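# Per-entry structural report
Read off the chains here:
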Amino acid sequence: MTNHDSLNFNPPSKEEIMLIQPNNVTFGQYNVTDWQENLLTLIGDNIQKHMSREQELPRDLFNQPYVTISCDEAGGKNNKKKVYKEALDLTKKLFSFRWLHPRIHQTIETTGVVITTIHDIKNTNKITININPWAIPFLIYYGVGVGGTRFSKSIALSLRGNYTKRIYKIICSQHDRREYYYPIEQFRTDLGISEVYSNSQIDQKILRPSQQRIKESESEIWFDYKLICKNPIKGRKPKADTIVFTINTLHPRQEKGDQFSQYTYVYRWVFNAMGYPVDNAAQLAVDKIVETGKLKEVYDRCCFYDDQILTGDKTRDHAQNALMKMLREEFGIKRS
C-alpha cells in the first residue's frame, strides 16, 4: 500500500475551505440559462455579505445555509413562476471544480449541485433556497468573497445571454492581466458549449455578441479578443486553439501616463460624472483643471476612484458624485 492509498480524505474545516486560493480552483464547469446565472449571482451576493461579516448567512432548522431571493431582482417583475421553475431546474445541474486539500496536499475534484431545496413563500415575490455548502468555494471564485475578483452585481444581472454573463465574470476575475489566454477546448468545457459549434460560430454567436453587450453596459471593464493557433501541429494547417482576451478597464495601464493620456482619461470621467452633456461642458471643465496646473492631481483621484469601483468599495454613482463634489469645491465646476 502506498502512502497515497493510506491517506484519509478528512474534509477540511470551514475555515480551511474559505481560505482556498484562486489558483487552486479551476473555472467551474457548468451550463445554465440567463435566469439561473442571475440566481447564482444573487446567491453569491449573499455569500459575500456573509464572508465580509456584513450579515450572517442564515441556517434553517436542519442547520443548512439558505438565502432569500427576490424574484423581481432575479427575473423582473411578475415573473415569480418562471424564476421558481428555473431554480427547480438548477437543482438538477451539476457544478465541478478542483482544489488543493490543505492538509493532505492532494488535488480534489468536487462535483455536486448548488441548490438542494427551494421554499416558495406564498403570496410574496420571494423564495428561499438552501445552498450546498460545498458549492460555496465554487461560487466565490468568481469574485464574491475570499480569493476572488469582485464584479458589478447590477451589470451581471442586467447583461443579456448566459454566455455573456459568464464571460463578464471571467474577465473580471482576470482584470489585473493585460491579456488572458483561454484554450478553446477548455472554454467549451467550462461554458458547456456544444461540440457542434465551430470556432467560427463561437466567434460570431458567443464572443462577438458578448463583447458588444459588455461594452454597451457601461461596465468599468470590457474586452477585445482574437483567436490564434498557439500550438500548431507540424504538417497540419494551423487552426485556432486559443482565445486571447485583451482586458480593458477605465483605469489606465500606465502608472504615469503622458499629459494627453491623463487629459483623455480625466475627460471620460468628467463627461460621465456630468451626465453625458450634449454641449462642451466637460471639455471646458477639463481645460479649467489644466489651467490650474492640477491635471495630474485630478487624474490620480480618478485612478483612486477606479480602484474603489473595481474592488467593490464604491459604486460608479458614488464615485462620480464624489468627483463632482471635489470639482465643485476645488475648481468651482458644476454639472451643466
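Above: the structure in question.
Residues numbered from 1 in each chain as written. Predicted model: local features only at pLDDT ≥ 70, side-chain atom pairs only at ≥ 80, totals over all residues. Heavy atoms only, no water.

### Quick word on the overall build of the protein chain
This is how it is decided: Only runs of H or I of at least four residues qualify as helices and only runs of E of at least two qualify as strands under DSSP, and these elements are numbered from the N terminus. Residue burial is assigned from relative accessible area. The probe radius is 1.4 Å, only protein chains are included, and a residue is buried under 20% of its type maximum, exposed over 50%, and partly exposed in between. Per-residue accessibility takes into account occlusion by the displayed protein chains alone, with areas from the Shrake-Rupley method and a 1.4 Å probe.
What the protein chain contains, in helices and strands, is 14 helices and 8 strands. Across the 336 residues in the protein chain, those meeting the buried criterion constitute 44%. Here the protein chain displays about 18100 Å² of accessible surface, and carbon together with sulfur accounts for 49% of that area.

### So, the packing of aromatic side chains
The cut-off we apply is this: Only the six-membered ring of Trp is used, alongside the rings of Phe and Tyr, when aromatic pairs are assigned; centres must lie within 6.5 Å, and planes under 30 degrees apart are stacked while those over 60 apart are edge-to-face, with the rest tilted. In our convention, an over-ring charge means Lys NZ or Arg CZ found within 6 Å of a ring centre and within 35 degrees of that ring's normal.
For the structure shown, the criterion picks out 9 aromatic pairs. Taking 6.1 Å as the distance between ring centres and 45° as the angle between the ring planes, the aromatic pair formed by Phe 223 and Tyr 225 counts as tilted. For the pair Phe 223 and Tyr 225, a shared accessibility class is recorded, and that class is buried. Following the ring pairs from residue to residue traces out a cluster consisting of Tyr 180, Tyr 182, Phe 187, Phe 223, Tyr 225 and Phe 245. Over the ring of Trp 35 we find Lys 82, and its NZ or CZ is 5.7 Å from the ring centre.

### Examining the environment of Gly 76
Structurally, the position occupied by Gly 76 is in the loop between α4 (71-75) and α5 (80-90). Taking the C-alpha atoms as reference points, Gly 76 and Trp 35, 41 residues apart in sequence, are found 9.9 Å from one another.

### A word on the pairing of strand β2 (residues 94-100)
What counts is decided by this rule: Paired strands, as defined in this entry, are two strands with at least two bridges between them according to DSSP.
Where β2 lies against strand β3 (residues 107-113), 7 bridges are found, and the strand directions are antiparallel. Note on β3: the bridge partner recorded for Trp 99 is Ile 108. Between the antiparallel neighbours β2 and β3 lie 6 residues, among them His 105 with a positive phi of about 55°.

### What about unusual backbone geometry?
Positive phi values are uncommon outside glycine, yet Asn 63 reaches one of about 65°. One non-glycine residue, Asn 123, lies in positive phi territory at about 60°. Looking at where Asn 123 falls in the secondary structure, it is placed in the loop between β4 (115-120) and β5 (126-131). With a relative accessible area of 85%, Asn 123 lands in the exposed category.

### Observations concerning the side chain of Arg 188
In plain terms, the rule: Pairs of N or O atoms are called polar contacts if they sit within 3.5 Å, as long as, within protein, a hydrogen donor faces a hydrogen acceptor (for residues adjacent in sequence, only side-chain-to-side-chain pairs). Here a residue-residue contact requires only that any non-hydrogen atoms of the pair lie within 4.5 Å.
Examined against the element boundaries, Arg 188 turns out to sit in helix α9 (residues 184-191). By relative accessible area, Arg 188 is classed as buried at 6%. Here Tyr 197 takes part through its backbone oxygen, which lies 2.6 Å from a polar atom of the side chain of Arg 188. If we skip the residues at most four places from it in the chain, Arg 188 touches Ile 193, Ser 194, Glu 195, Tyr 197, Ser 198, Asn 199 and Ile 202.

### Regarding the sheet that holds strand β1 (residues 66-70)
Formally: A fitted line through C-alpha atoms represents every axis, and for helices the fit uses only the stretch in contact; the resulting angles, taken between N-to-C directions, go from 0 to 180 degrees.
Pairing within the open sheet is antiparallel, and its 3 strands lie in the order β1-β5-β4. Strand pairing shows two members of the sheet lacking a second neighbour, β1 and β4, which therefore form its edges. Recorded for the sheet is a direction-independent mean angle of 25° between the axes of neighbouring strands. This element, α5, spans β4 and β5 of the sheet and lies at about 155° to β4.

### Let's talk about the environment of Glu 195
Mapping Glu 195 onto the fold places it in the loop between α9 and α10 (199-216). Given a relative accessible area of 60%, Glu 195 falls into the exposed group. Taking the C-alpha atoms as reference points, Glu 195 and Glu 185, separated by 10 residues in sequence, lie 9.3 Å from one another. In contact with Glu 195, not counting residues within four places along its chain, are Glu 185 and Arg 188.

### Quick notes on the nonpolar core
Convention followed: In this text, buried Ala, Val, Leu, Ile, Met, Phe, Trp, Tyr and Cys residues form a nonpolar core when linked through side-chain atoms within 4.5 Å.
In terms of nonpolar packing, the biggest core is built from 29 residues, with Leu 39, Ile 43, Ile 69, Val 114, Ile 127, Ile 129 and Leu 139 touching the most fellow members. Elements that contribute at least two residues to this core include exactly α3 (34-51), β1, α4, α5, β2, β4, β5 and α6 (136-140). In terms of residues, this core owes the most to one element, α3, which gives 5 residues. Formed by 26 residues, the second largest nonpolar core is a distinct cluster that contains Tyr 163, Tyr 182, Ile 214 and Tyr 225.

### Re the sheet that holds strand β7 (residues 221-228)
One key point about sheets: their strands pair by backbone hydrogen bonds, in either a parallel or an antiparallel sense. Taken in spatial order, the 3 strands make up an open sheet running β6-β8-β7, and their pairing is antiparallel. Either end of the sheet is taken by a strand with one partner, and the two such strands are β6 (179-183) and β7. On average, each strand axis in the sheet is inclined to that of its neighbour by 25°, with strand direction left out of account. Packing against the sheet, α9 makes contact with β6, β7 and β8 (242-249), and its axis sits at approximately 80° to β6. Of the strands in this sheet, β7 and β8 touch α10, which is tilted by about 165° from β7.

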